[in-house]
Amino acid sequence: MITLQLRSLDQANDFQAVRNIIMDCVDYAMIVNGEPPAQKDVTDFFTDTAPGKSQDDMLKLGIEENGDCIGIAEIAQNFPLNHTWHIGLLLLHSSWRRRGIGRYVIQKIEERARLASGTQLRIGVVQENTEALLFWEKLGFKEVNRIPERSFGIKKHTIIELARAIQ
Ligand SMILES: CC(C)(COP(=O)(O)OP(=O)(O)OC[C@H]1O[C@@H](n2cnc3c(N)ncnc32)[C@H](O)[C@@H]1OP(=O)(O)O)[C@@H](O)C(=O)NCCC(=O)NCCS
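Residues numbered from 1 in each chain as written. Predicted model: local features only at pLDDT ≥ 70, side-chain atom pairs only at ≥ 80, totals over all residues.

## Side note on the sheet that holds strand S5 (residues 120-126)
Moving on, step 1. Spatially, seven strands are ordered S1-S2-S3-S4-S5-S7-S6 in an open sheet, and the strand pairing comes out mixed. Only two strands of the sheet have a single partner each, and these edge strands are strand S1 (4-8) and strand S6 (142-152). For this sheet, the mean inter-axis angle between neighbouring strands, taken without regard to orientation, is 30 degrees.
Moving on, step 2. Direction of pairing for strand S3 (residues 68-77) relative to strand S4 (residues 84-92): antiparallel, over a ladder of seven bridges. When the sheet's bridge partners are listed, isoleucine 72 is paired in S4 with leucine 91. (Pairing = 2+ DSSP bridges. Helix = DSSP H or I, 4+ residues; strand = E, 2+ residues; numbered from the N terminus. Axes fitted to C-alpha atoms, helices over the stretch in contact; angles between N-to-C directions.)

If you want it as structure tokens, here you go:
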């Protein structure tokens, strides 16, 4: 039986666990940055904040199965507007995908957001990440905006922003 938990992560204790996930997700790094994951991506996971937000607004979560970290998520609360929870990253270890875990994690994030007066979940996906787009659309997210090309690593992407009302 799969037993999942979401737990807040911190750099001092969880660096290696996050590194394991990021380094496993070469496919994701190649799509987004056009280059394999690097140590800096791990540090950035812990230190990044959404524009105009502080670390207090950010949630850095580990997805744990029987105590093992099998994925990570990053959320900016009240970004870009109050009551919107913006999912900056959702990354599952390649061996744990397509088993309903992504759907479960979004359900749990939605529960937390609702308790914190959130009314909308939002995500930005690079247009080239067609598999992720299928996932978000399957979960009922709808396109709300397109951000014209910006640079990621050695690539340039249009970002498709999708949103779903919190039920
Ligand atoms: C995208 C990701 C988070 C989805 O999580 P997951 O656990 O694999 O997805 P689930 O198994 O919960 O799937 C939920 C639904 O989305 C669909 N879906 C998931 N991945 C899909 C894919 N690659 N292609 C088509 N449909 C997909 C599933 O079929 C499922 O629909 P169903 O319940 O009707 O069968 C995960 O695959 C991942 O970490 N991918 C690599 C990183 C990435 O691209 N993250 C997103 C950044 S925006």
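## Focus: the pairing of S3
Moving on, step 1. Judged by how many residues are buried, S3 sits mostly within the fold: seven of ten residues are covered.
Moving on, step 2. Relative to S3, strand S2 (residues 58-65) is paired through eight bridges, and the arrangement is antiparallel. Bridging across to S3, glutamate 64 finds its partner in cysteine 69.
Moving on, step 3. Where S2 hands over to S3, the hairpin turn is made up of two residues, of which asparagine 66 adopts a positive phi near 50 degrees. (Buried ≥ 20, exposed ≤ 12 C-beta atoms within 10 Å, placed from the backbone.)

## A word on the site of the ligand
Moving on, step 1. As a structural note, the neighbourhood of the ligand is formed by 20 residues, with Leu92, Arg97, Gly102, Arg103 and Glu131 the closest of them.
Moving on, step 2. At the level of elements, S4, helix H4 (101-115), S5 and helix H5 (130-138) are the ones that each hand at least two residues to the shell around the ligand. (Near = placed C-beta within 6 Å.)

## Observations concerning the nonpolar core
Moving on, step 1. Residues Val18, Ile72, Ala73, Ile87, Leu91 and Ile109 are the most contacted members of the largest nonpolar core, which totals 34 residues.
Moving on, step 2. If sequence neighbours within four positions are ignored, valine 18 has contacts with Leu9, Val42, Phe45 and Ile72. (Core = buried A, V, L, I, M, F, W, Y, C linked by C-beta atoms within 7 Å. Contact = placed C-beta atoms within 7 Å.)

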